[in-house]
Amino acid sequence: MDRAEAVIPQQSGESAPRAASPGAAGLAGLRLRLAGVRPDPYLLGVVFFVAYVLLSLVRYRRMLTMSWDLGIFEQAVRGYAHLQAPTTPLKGPGFNALGDHFSPITALIAPFYRVFPTPATLLVAQALLFALSVVPVTRGAGLLLGRGRGLAVGAAYGLSWGVQRAVDFDFHEIAFAMPLLAFSLEAVIRRRWGAAMWWALPLVLVKEDLGVTAATIGAIVWWRTRETGVPDAAVPAQAGAPDEEQSAGADKDGDKDEAPEGGDQVEAPLSDAQRYGPWAIGLMGFGVAASALALGVLIPAFHGPGYDAFNHINGDGTMTGHVPFGTALRTLLWILLPTSGLLALRSPLIVAALPTIGWRFLSHYPENWGTAWHYSAVLMPVIFLALVDAADRSRQSRRPWLRSYASGVPAAAVGAAMALTLSLPLASLSHSDTYKVDARTKSVEKLLDLIPDGATVEANVGPISRLVHRTTVYWVGGATGVVPQYIALDNSSGWVPDPVTYGTQLHPGATYTQIAAQDGYVILRRT
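Residues numbered from 1 in each chain as written. Predicted model: local features only at pLDDT ≥ 70, side-chain atom pairs only at ≥ 80, totals over all residues. Heavy atoms only, no water.

## A look at the overall build of the chain
Part 1 of the argument: Along the chain, the regular secondary structure elements total 20 helices and seven strands.
Part 2 of the argument: Scored against the burial criterion, the 527 residues of the chain give a buried share of 48%.
Part 3 of the argument: Within the chain, counting contacts between residues at least 6 apart in sequence, those at least 24 apart form 75% of the total.
Part 4 of the argument: Split by element, the accessible area of the chain, about 26,200 Å² in all, is 61% carbon and sulfur. (Helix = DSSP H or I, 4+ residues; strand = E, 2+ residues; numbered from the N terminus. Buried < 20%, exposed > 50% of the residue type's maximum accessible area, 1.4 Å probe, protein only. Contact = heavy atoms within 4.5 Å. Areas by Shrake-Rupley, 256 points an atom, 1.4 Å probe, with all protein chains shown as cover.)

## Observations regarding the nonpolar core
Part 1 of the argument: Tyr 52, Phe 130 and Leu 203 are the most contacted members of the largest nonpolar core, which has 105 residues in total.
Part 2 of the argument: Residues Val 444, Leu 447, Leu 448 and Tyr 521 belong to the second largest nonpolar core, which totals 19 residues. (Core = buried A, V, L, I, M, F, W, Y, C linked by side-chain atoms within 4.5 Å.)

## Quick look at the pattern of salt bridges
Part 1 of the argument: Counted according to the given criterion, the structure contains 14 salt bridges.
Part 2 of the argument: With a shortest N-O distance of 3.6 Å, Lys 91 and Asp 100 are connected by a salt bridge.
Part 3 of the argument: Judged by relative accessible area, which is 31%, Lys 91 ranks as partly exposed.
Part 4 of the argument: In this structure Asp 100 comes out as partly exposed when scored by relative accessible area, which is 28%. (Salt bridge = Lys/Arg side-chain N within 4 Å of Asp/Glu carboxyl O.)

## A few points about helix H5 (residues 119–145)
Part 1 of the argument: Helix length check: H5 (27 residues) gives 40 Å between terminal C-alpha atoms against 39 Å at 1.5 Å per residue, within 8%.
Part 2 of the argument: By the criterion of burial, H5 is predominantly enclosed, with 22 of the 27 residues buried.
Part 3 of the argument: Phi for Gly 146, located one or two positions after H5, is positive at around 105 degrees. (Expected span 1.5 Å × (residues − 1).)

## Some words on the sheet that holds strand E4 (residues 472–475)
The strands making up a sheet are joined through hydrogen bonds of the backbone, oriented either antiparallel or parallel.
Part 1 of the argument: Read from one edge to the other, the open sheet built from five strands follows the order E4-E3-E5-E7-E6, with strand pairing classed as mixed. In the strand order of this sheet, the two ends are held by E4 and strand E6 (512–518), each with one partner. On average, adjacent strands in this sheet sit at an angle of 25 degrees to one another, irrespective of strand direction.
Part 2 of the argument: As paired elements, strand E3 (residues 456–459) and strand E5 (residues 486–490) share three bridges and run parallel to each other. In the sheet register, Val 457 faces E5, and the bridge partner there is Tyr 486. (Pairing = 2+ DSSP bridges. Axes fitted to C-alpha atoms, helices over the stretch in contact; angles between N-to-C directions.)

## Here's the deal with a nonpolar patch on the surface
Part 1 of the argument: There is a patch of nonpolar side chains on the surface, built from Phe 325, Leu 329, Leu 333, Leu 337, Leu 342 and Leu 345 and spanning about 580 Å² of accessible area.
Part 2 of the argument: Within the secondary structure, Leu 329 is located in helix H14 (residues 325–340).
Part 3 of the argument: Looking at Leu 329, the relative accessible area reads 41%, which means it is partly exposed. (Patch = residues over 30% accessible without salt bridge, like charges linked within 9 Å, V, L, I, M, F, W, Y side chains within 5 Å.)

## Some thoughts on unusual backbone geometry
Part 1 of the argument: You will see that Asp 170, though not glycine, has its phi angle at about 55 degrees, which is positive.
Part 2 of the argument: Turning to its location among the elements, Asp 170 is positioned in the loop between helix H7 (161–168) and helix H8 (177–189).
Part 3 of the argument: The class for Asp 170 is buried, based on a relative accessible area of 6%.
Part 4 of the argument: Phi is positive for Asp 519, close to 55 degrees, though the residue is something other than glycine.
Part 5 of the argument: Tracing the sequence through the fold places Asp 519 in the loop between E6 and strand E7 (521–526).

## Quick look at helix H10 (residues 210–227)
Part 1 of the argument: Taking 1.5 Å of rise per residue, the 18 residues of H10 would be expected to cover 26 Å, and the 26 Å separating its terminal C-alpha atoms lies within 8% of that figure.
Part 2 of the argument: Considered for burial, the residues of H10 that qualify are Leu 210, Gly 211, Thr 213, Ala 214, Ala 215, Thr 216, Ile 217, Gly 218, Ile 220, Val 221, Arg 224 and Thr 225.
Part 3 of the argument: Buried residues in H10 make contact with H8, helix H9 (193–200), helix H12 (272–303), helix H15 (354–362) and helix H16 (379–394).

So this is what it looks like as structure tokens:
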């Protein structure tokens, strides 16, 4: 029975059982908790883990890496794995990754990368983190809305376009934010205020802007605890005595015991607002301060001279202007309509989405405005748990149409997610060709094997995923002050008419010869 609590009264006429030992009581409590745990959220998480891992690894195996981001994060994790600074030569010689985005939490992958030094380690870790976030979303929905609707919400979340786009787009640090946000907001809807704030705290280590998101979770906790009401005032101790005990006292010797005047008072328990309100306010201040510290002090210190904290928002003069109204509206509708049928707007949890939406729409970079890439992933746990909260609250609405609508939204959300999946990355897993590595990929891999381990290489996107784990890779045209031993280019589009001349232009005074060229890939070696 959903959200039900069983109360087992003591049998009359039987002596009270002896108190169990602390160990036995703890074991019994654990057994009761395990007996009441449904496996649905965890099984669904496993299903999506398998799907996400397959999608990520088949793309990697077929050399379908979309950008240099996977290489950048692999270089940073490689540094952590060898107990060195997280330098990312792809961003420039000696560049510290913490001078780009403050994401020290990626160091948690380092021990696994030390054992398995391959980009696949990052991709598996990301798949695990995304799948882990499915568990609290499904579990929270099941507890509040029932088992069937809980599974529908969990499946809709795992299939959501924001999640699929992120899994498809290589690796990014926001993978760590997914379970943190999901567990935190699940705790909010379950009124586990302390857990909600503890889960929100590590967000400040994921990315510099997520400190503000943690602060909004603090604001949500502060607001929701004030909605829970104020406990009753102090009452005499005898007022809480069972009726049987009072009757027995009245019958004894035919006299009714009377409570002494001015008897002991039982202090009323603190309300949730009193217990957790100050901590919620502290989280608000801590989150904002952490973001300010990262943007104003930490990132500039790691970056070095020339850092502009708001360059990604203000642009460098080459970007377009502000987000067009039509683009912003379209993105908002994609975020809210197929995921929650706009019902999420009825929940205070939606506030946690505002910082991410805000900086994206303030940005001068068009890629931040739309629905591509990974930028909408962190909004998905917020939207779906806001949907759960709103659906639960709507059941007490006086408007029949709203109760009916809220009841049907979980099914509609999973239906929309399944329909959209036909044109999203996970659909490729149903095609046999997805798992085949073509002859071109195999020949390109053999070509890149000509570059020896430990070499310095200048490359563009194509070769990066096969070189970072065993060489020092610089971005083509970005190896300032360094003359690499090799230049590896994906020239499939013919963007470099004469690779040898291009190599000389990149590094005047150096001479490069072409040692291999096949299937659009070219390798130059310094002579």
